[in-house]
Amino acid sequence: MLIFEKSKAGRTATAQSPDEVDVNHLIPESYQRGSRLGMPQASELDVVRHYTQLSQKNFAIDTHFYPLGSCTMKYNPRACNALAMKDEFLARHPLAHESLSQGYLACMYHLQQILQAVTNMKGVSLTPMAGAQGEFSGVAMIKAYHDDRQDFERREIIVPDAAHGTNPATAIMCGYKVKEIRTDEDGNVDMDALEAALGPQTAGIMLTNPSTLGVFESRIKEIAEKVHAAGGLLYYDGANLNAILGKTNPGIMGFDVIHMNLHKTFSTPHGGGGPGSGAIGVSERLLPFMPVPYVGKDESGYHYVTAKEAPKSIGQLSTFAGNAGVNLRAYIYALLNGREGMQRISEFATLNANYLMKRLEAIGFDLAFKKRRASHEFIVTLKKQAKDLGLTATDLAKALLDESMHAPTIYFPLLVAECLLIEPTETESKQTLDGFVEAMGRILEQAKVDIEHLKQAPYSTPVRRMDEVKAVKEPNVVHKISV
């Protein structure tokens, strides 16, 4: 129901508001409305109840278990929000002189240093506004590096078939052709396919490690050596950085550039289309090409490094220097955890994933990669259940909503049939994980006795199962009402 449908003529919500001020004399008559705006008429209590009830219909990390694979939907500590919203930060104007922003700039400079240490990179820029923009800037720097060396033949980016869908899209946006290579039966990059793809046309390779298949690329150093020997660079998609914090890092693996999803690894707000932060880290060879502005330090204090000081930079990606509030939350989160806490994040993320994986296997679910341990996530395939019982990944995902749990990522990566990509994160308790296993078990048993019941799930949500093909091809997002 819309708030307009609760409207009753004569109801108002102005009893506790200050007296209305007549501003009509301040607006030229030609710009004034000829009639009153058709706003709903409702009491304050009706308005409060309406929007509170709407919020309760949502699934969110604050309300439900959210094992969305590859998205790292972990809890956002309220302390980070509270400290980032201190008046001293909120009152700072982005155009204020650097001399009046030394405290904020010091925080950003320190965050750059922390992210350098975490990734073993030589430089960090916080200016990308989201993971997608960080990804774009990483490949743009690879292109700038080759072009600066007059190496114009390198116009191909290698992408494994298990990569994020944004990887080939980013490569194409930067003017590259995409060369897809296969992964082997254990989830590793096929080395023969890699060697066949490498050549003077290779600008670089885009990898996630651990990969989206939920396994660690065990021959990553060999991959790096082969790509570098061919003259290419290595780009690290930071989507799965949460799995390796404090244990290893992209620098050790041989990567030249990495983007970090601060909403994933450093627990800043996630979802709803933003705001985000896709901080970028680079090796020595890519330092001159980093996006500006980033924060530098000299004897006079902290300052922004601009294109004037970095003439080879790929340029400025945002109006100012990234999302200040999001970066502040990440900085506070890093300080709260410290070096030892960073290691605990990856340890518990990995422990939770492996515990959940083994428990689901024990109750009858099939693992996509039986020989591999999980990183921070893992894949269950319902290929057998779909054939024998008619239970698809979509059916299970819808049924989980009736269990008050959000579904894992389904049908991604595409190369695994009836795929469930499950990531519990480090912030969930054993009790929550056990509850998820029990819910999965109930759904599996239900499929054995009454699959048609599951085919109609969910039953408890405001919107039942839709015709998804029709919703994509003929969306109707307009709800006409009379005011």
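Given the structure is predicted, the values throughout are model-derived calculations rather than measurements. (Residues numbered from 1 in each chain as written. Predicted model: local features only at pLDDT ≥ 70, side-chain atom pairs only at ≥ 80, totals over all residues. Heavy atoms only, no water.)

### Describing the sheet that holds strand β11 (residues 378–381)
Part 1 of the reasoning: Pairing is antiparallel in the open sheet, where four strands are placed in the order β10-β11-β13-β12. At either margin of the open sheet sits one strand with a lone partner, and together these are β10 (366–367) and β12 (409–410).
Part 2 of the reasoning: The sheet contact formed by β11 and strand β13 (residues 419–422) spans four bridges and is antiparallel. Each bridged residue has a counterpart across the sheet, and for Val380 the counterpart in β13 is Leu420. (Pairing = 2+ DSSP bridges. Helix = DSSP H or I, 4+ residues; strand = E, 2+ residues; numbered from the N terminus.)

### Some details on the pattern of salt bridges
Part 1 of the reasoning: Tallied over the full model, the rule gives 22 salt bridges.
Part 2 of the reasoning: For Asp46, the salt bridge is made with Arg11, and the minimal N-O distance between the two is 3.3 Å. Of this pair, Asp46 sits in helix α1 (residues 44–56) while Arg11 is found in the segment before α1, placing the two residues 35 residues apart along the sequence.
Part 3 of the reasoning: Residue class for Asp46 comes out partly exposed when judged on its relative accessible area of 22%.
Part 4 of the reasoning: Among the ionic pairs, Lys312 bridges to Asp148, the shortest N-O distance being 3.2 Å. (Salt bridge = Lys/Arg side-chain N within 4 Å of Asp/Glu carboxyl O. Buried < 20%, exposed > 50% of the residue type's maximum accessible area, 1.4 Å probe, protein only.)

### Some remarks on helix α11 (residues 324–362)
Part 1 of the reasoning: End to end, α11 covers just 46 Å across 39 residues, shorter than the expected 57 Å (1.5 Å per residue, more than 12% under).
Part 2 of the reasoning: Along α11, the sharpest change in direction is near 95 degrees and occurs at Gly338.
Part 3 of the reasoning: Of the residues flanking the end of α11, it is Gly364, one or two places downstream, whose phi is positive at about 115 degrees. (Expected span 1.5 Å × (residues − 1). Bend = angle between axes of the 7 residues up to and from the residue.)

### Observations regarding unusual backbone geometry
Part 1 of the reasoning: Cis geometry marks the peptide bond from Val292 to Pro293; its omega dihedral reads 0 degrees.
Part 2 of the reasoning: If you trace the backbone, Pro293 turns up in the loop between β7 (280–282) and β8 (294–298).
Part 3 of the reasoning: At the junction of Ala457 and Pro458, the peptide bond is cis and its omega measures out at 5 degrees in the coordinates.
Part 4 of the reasoning: Along the chain, Pro458 falls in the loop between α15 (451–455) and α16 (468–473).

### Topic: the UniProt feature "domain: Glycine dehydrogenase C-terminal" (unreviewed entry) in the protein
Part 1 of the reasoning: In the UniProt entry, the feature "domain: Glycine dehydrogenase C-terminal" (unreviewed entry) is given for residues 346–448.
Part 2 of the reasoning: Taken end to end, residues 346–448 is 50% helix and 12% strand, and its first and last C-alpha atoms sit 37 Å apart. (UniProt positions renumbered as here; feature names shortened; annotations may be inferred.)

### Quick notes on the side chain of Thr392
Part 1 of the reasoning: Mapped onto the fold, Thr392 is located in the loop between α12 (383–388) and α13 (393–402).
Part 2 of the reasoning: If we skip the residues at most four places from it in the chain, Thr392 touches Leu382, Tyr411, Glu418 and Lys455. (Contact = heavy atoms within 4.5 Å.)

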